[in-house]
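# Observations on chain architecture
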Amino acid sequence: MHDRETADTIDDAASEWAARLDRGLSAAEQQTLEAWLAGDTRRVGALARARALWHHAGQAVAREPAPPVMAEERAPLLSRRRLLGGGATALAAALAGVLVVPHFLGDTETLESGIGEVRRITLEDGSAVTLGPGTTLRHSYDGTRRLVELVAGDAFFEIAHDPRRPFIVLAGWLTLRTLESAFGVRAVQGMPLSVIVSNGQVAIGAKAGGAVRTLDANMRLDAPAAADSARVTRLEPDALQRALAWREGMLAFEGDTLASVAAQFDRYGTARIVIADPSLAREPITGTFAANDPRGFARAIAASLDARVTIDGNAIRLSRKAPAK
Amino acid sequence: MTAPPDDRSHWLATRILPHEPALRRWLRGLSALDDSDVDDLVQETYAVLATRASVVDIQDPRAYAFQVARSLFLQGVRRAKIVSINAVADLTEIEVPDDSPSPFDHAAGREDLRQLAAAIEAMPPQTRRAFQLRRIEGLSQREVAAATQLSESTVEKHIGRGIRILMAQFGRGGKQVPRASTSGGRIPDAPEPTETNQKNATPDARPRDSRHYR
């Protein structure tokens, strides 16, 4: 960050672009703007902020004295909730019935992320998927359905509404089906298959057929091996945030064992955390950590558990200190 | 990459802007952050919010904006290589302030409108006139030009200047004059802790139960 452009310089240019956008851009200006935006993410943010301020300024003057804006903003939210409530029956109807396992036909495309990589990709229908590290996903759309298979890894889906084409995700032995929702699916070797819904509704059934269960927002399904072992739990908002923190490059834990936490870090890079002592491996870990900094994590943990950290090439070794007599 | 669409501007204006003053205060209170760091983080936060494919799943925009800013702050600290043992221990404890119930939101909503109104009042007369005709009376820039007998490019400059004043005034407690460049004045590098100095560096980290990390 040597000759880093200052926030003020960016704001200067952003305000000029906001004024030009307000009167409409020529094709050439549009190109120049896109090139400018591509140069630094802070420019994107500065322009978004400029346009939001421009938008909001009308309100500031149009009403004096200023009424409580939030009260007004609440209204559409409430009516939207009511709408969702009333629409639940229709949604349930659309999701009802046996989930027939669709087959991949025609064009399929594979999306992949590397070790330690978190990628967010917008699909052709406007839905977005965030891939966790080491994730492979196949997708195939046609006029009747949007079909995705999570081959391995972590994926968070934000589904664009399309009442004519349900969004179907195949993962492990599960089939998921939804019209509009946001949810995460984990299919990682050595961890239980799981689904977490943060918004909307997802209908879940076994590929083999049988009962279908609807998962609402803030609910989690853990499905280790077979239908009878599946378990549904309701998540508190902060537990939901923790479970999905990987999207922001963070790993968050609450009382997880050091062994399972170390396994998660291993997915983010070449460094491996080795725990020398079984009693250390069972220590509960709570906290939020940068996923790509296993060394920093190990040092923090060593300090709090009074353990020793030894770094040997790609191995980060945690061990008990010699017992104090 | 394209400019954020208008509905996102509306969302940012109504859901995020009201909380920007509080977000800035919170960021300023974090260790080692000067005003230019805060400005950078705020821009980056808006970038994340503006380019997110959808915001329908964000139920609590205020909390989400704080989370994004917090995560960007942590990334910045990592980039600056000051993840000393102390920093890690402390940073993992950063809590995003609790979402406040509606009375506070009402106050926040008024604070942002008051700040905007004050910023518009503070504009030079011609800029304010162009700004009001365009934004409040709804004339197009061309119509504003005709009404004020200014050229269209001059009107555009006034609009741009008006927006610039809002950007400088809003959320920063009235700081209007752009500062000189502060490049190079970022968080200084600190040596990575070694095994031997760890113990001395964190006298308070050891007795702390790991449960208290959050």
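Chain B is annotated in an unreviewed UniProt entry as RNA polymerase sigma-70 factor (ECF subfamily) from Sphingomonas kyeonggiensis. The record in UniProt for chain B states the following under Sequence similarities (unreviewed entry): "Belongs to the sigma-70 factor family. ECF subfamily."

As annotated in an unreviewed UniProt entry, chain A is Transmembrane sensor from Sphingomonas kyeonggiensis.

Let's shift gears to the overall build of chain B. The helix and strand inventory of chain B stands at ten helices and zero strands. What you see in chain B, going N to C, is helices and strands ordered as α-α-α-α-α-α-α-α-α-α. Within chain B, contacts between residues separated by at least 24 positions form 70% of all contacts whose residues are at least 6 apart in sequence. Taken as a whole, chain B presents about 9,800 Å² of accessible surface, with 51% of it coming from carbon and sulfur.

Attention now moves to the pattern of salt bridges. For the structure on display, the rule yields 29 salt bridges over all chains. The closest approach of N and O atoms between A:Glu149 and A:Arg138, which form a salt bridge, is 2.8 Å. Residue A:Glu149 is found in strand E5 (residues 146–158), and its partner A:Arg138 is found in strand E4 (residues 136–141); the two are separated by eleven residues along the sequence. A residue is classified by how much of its surface remains accessible, and A:Glu149, at 19% relative accessible area, is buried. Exposure remark for A:Arg138: the relative accessible area of 28% places this residue in the partly exposed category. Here B:Arg142 and B:Glu152 are joined by a salt bridge, their closest N and O atoms 3.2 Å apart.

Another aspect to go through is the packing of helix H6 (residues 258–266) of chain A against helix H8 (residues 294–305) of chain A. Residue and element names in this part refer to chain A. One way to put it is that H6 packs onto H8 with a least axis distance of 11 Å and a crossing angle of 165°. Classified by the angle their axes make, H6 and H8 are roughly antiparallel. Relative to H8, the crossing made by H6 is right-handed. Of the residues in H8, those in contact with Leu 258, Val 261 and Phe 265 of H6 are Pro 294, Phe 297, Ile 301 and Leu 305. Looking at side-chain class alone, the contact of H6 with H8 contains seven nonpolar, no polar and no charged residues.

This part is about the pairing of strand E8 (residues 181–187) of chain A. Residues and elements named next belong to chain A. For E8, the buried fraction is high: seven of the seven residues fall into the buried class. Where E5 meets E8, six bridges bridge the pair, whose relative direction is antiparallel. Of the residues in E8, the one forming a bridge with Gly 153 is Ala 187. In this structure, E8 lies alongside strand E9 (residues 193–200), joined through six bridges in antiparallel fashion. When the bridges of E9 are listed, Ala 182 appears paired with Asn 199.

Let's shift gears to the sheet that holds strand E17 (residues 307–312) of chain A. Residues and elements named next belong to chain A. What the three strands build is an open sheet, ordered E15-E18-E17; its pairing is mixed. Each edge of the open sheet is held by one strand with a lone partner, namely strand E15 (272–275) and E17. Within this sheet the neighbouring strands show an average axis-to-axis angle of 20°, counted without direction. Pairing between E15 and strand E18 (residues 315–320): four bridges, direction parallel. Counterpart to Val 274 in the pairing with E18 is Arg 317. Here H6 sits on the sheet in contact with E15 and E18, set at roughly 160° to E15.

Turning our eyes to something else, we now look at the environment of B:Ala65. Residues and elements named next belong to chain B. Inspection of the secondary structure assignment puts Ala 65 in helix H4 (residues 61–79). Considered as a pair, Ala 65 and Val 42 are 23 residues apart in the sequence and their alpha carbons are 9.5 Å apart. In contact with Ala 65, other than residues within four places in its own chain, are Ile 16, Leu 23, Thr 45 and Leu 49.

On to the packing of aromatic side chains. Two aromatic rings, taken as a pair, are described by how far apart their centres are and by the angle between their planes. Residues and elements named next belong to chain A. Tallied over the full model, the rule gives nine aromatic pairs over all chains. One aromatic cluster in this structure is built from Tyr 141, Phe 157, Phe 167 and Phe 183. Seen from the ring of Trp 17, Arg 20 lies directly overhead, with NZ or CZ sitting 4.4 Å from the centre. The lysine or arginine in question, Arg 247, covers the ring of Phe 156, its NZ or CZ lying 4.1 Å from the ring centre.

Attention shifts here to the nonpolar core. The biggest cluster of nonpolar side chains holds 66 residues, and the ones touching the most others in it are A:Trp36, B:Leu12, B:Leu27, B:Phe131, B:Ile163 and B:Leu166. Considering every element that reaches this core, the biggest residue donor is helix H3 (residues 41–62) of chain A, with nine residues. By size, the runner-up hydrophobic cluster in this structure holds 32 residues, among which are A:Leu240, A:Tyr268, A:Ala291 and A:Ala307.

Turning our attention to helix H9 (residues 152–169) of chain B. An α-helical turn contains 3.6 residues, so any two residues separated by three or four positions project in the same direction. Residue and element names in this part refer to chain B. Compared with the 26 Å implied by 1.5 Å per residue over 18 residues, the 26 Å span of H9 between its first and last C-alpha is a close match. Summarising burial for H9: 13 of the 18 residues are buried, a large majority. Among the residues trailing H9, Gly 171 stands out with phi positive, at a value near 80°.

Turning our eyes to something else, we now look at helix H8 (residues 141–148) of chain B. Residues of H8(B) that are buried: B:Gln141, B:Val144 and B:Ala145. The buried side chains of H8(B) occupy one side of the element, clustering within an arc of 105° when seen end-on. Residues of H8(B) that are exposed and point over 90 degrees away from its buried face: B:Arg142, B:Ala146 and B:Ala147. In this structure, the buried side of H8(B) is in contact with helix H1 (7–23) of chain A together with helix H7 (125–135) and H9 of chain B. In the stretch just after H8(B), B:Gln149 is the one whose phi turns positive, near 60°.

Residues and elements named next belong to chain B. Between H7 and H8, the shortest axis-to-axis distance is 9 Å and the interhelical angle comes to 130°. Classified by the interaxial angle, the pair formed by H7 and H8 is oblique. Crossing angle aside, the handedness with which H7 passes H8 is right-handed. Residues Arg 129, Ala 130, Leu 133 and Arg 134 of H7 form the contact with H8, whose participating residues are Gln 141, Val 144, Ala 147 and Thr 148. For the contact of H7 with H8, the class distribution of residues is four nonpolar, two polar and two charged.

Calculation rules
- Residues numbered from 1 in each chain as written.
- Chains lettered and ligands numbered in written order.
- Predicted model: local features only at pLDDT ≥ 70, side-chain atom pairs only at ≥ 80, totals over all residues.
- Heavy atoms only, no water.
- UniProt positions renumbered as here; feature names shortened; annotations may be inferred.
- Helix = DSSP H or I, 4+ residues; strand = E, 2+ residues; numbered from the N terminus.
- Contact = heavy atoms within 4.5 Å.
- Areas by Shrake-Rupley, 256 points an atom, 1.4 Å probe, with all protein chains shown as cover.
- Salt bridge = Lys/Arg side-chain N within 4 Å of Asp/Glu carboxyl O.
- Buried < 20%, exposed > 50% of the residue type's maximum accessible area, 1.4 Å probe, protein only.
- Axes fitted to C-alpha atoms, helices over the stretch in contact; angles between N-to-C directions.
- Parallel < 35°, antiparallel > 145°, perpendicular 65-115°, else oblique.
- Left-handed = near helix turned anticlockwise from the far one by under 90°.
- Nonpolar A, V, L, I, M, F, W, Y, C, P; charged D, E, K, R; others polar.
- Pairing = 2+ DSSP bridges.
- Phe/Tyr/Trp six-rings, centres within 6.5 Å; stacked < 30°, edge-to-face > 60°.
- Lys NZ or Arg CZ within 6 Å of the ring centre and 35° of its normal.
- Core = buried A, V, L, I, M, F, W, Y, C linked by side-chain atoms within 4.5 Å.
- Expected span 1.5 Å × (residues − 1).
- Arc of directions from axis to C-beta.

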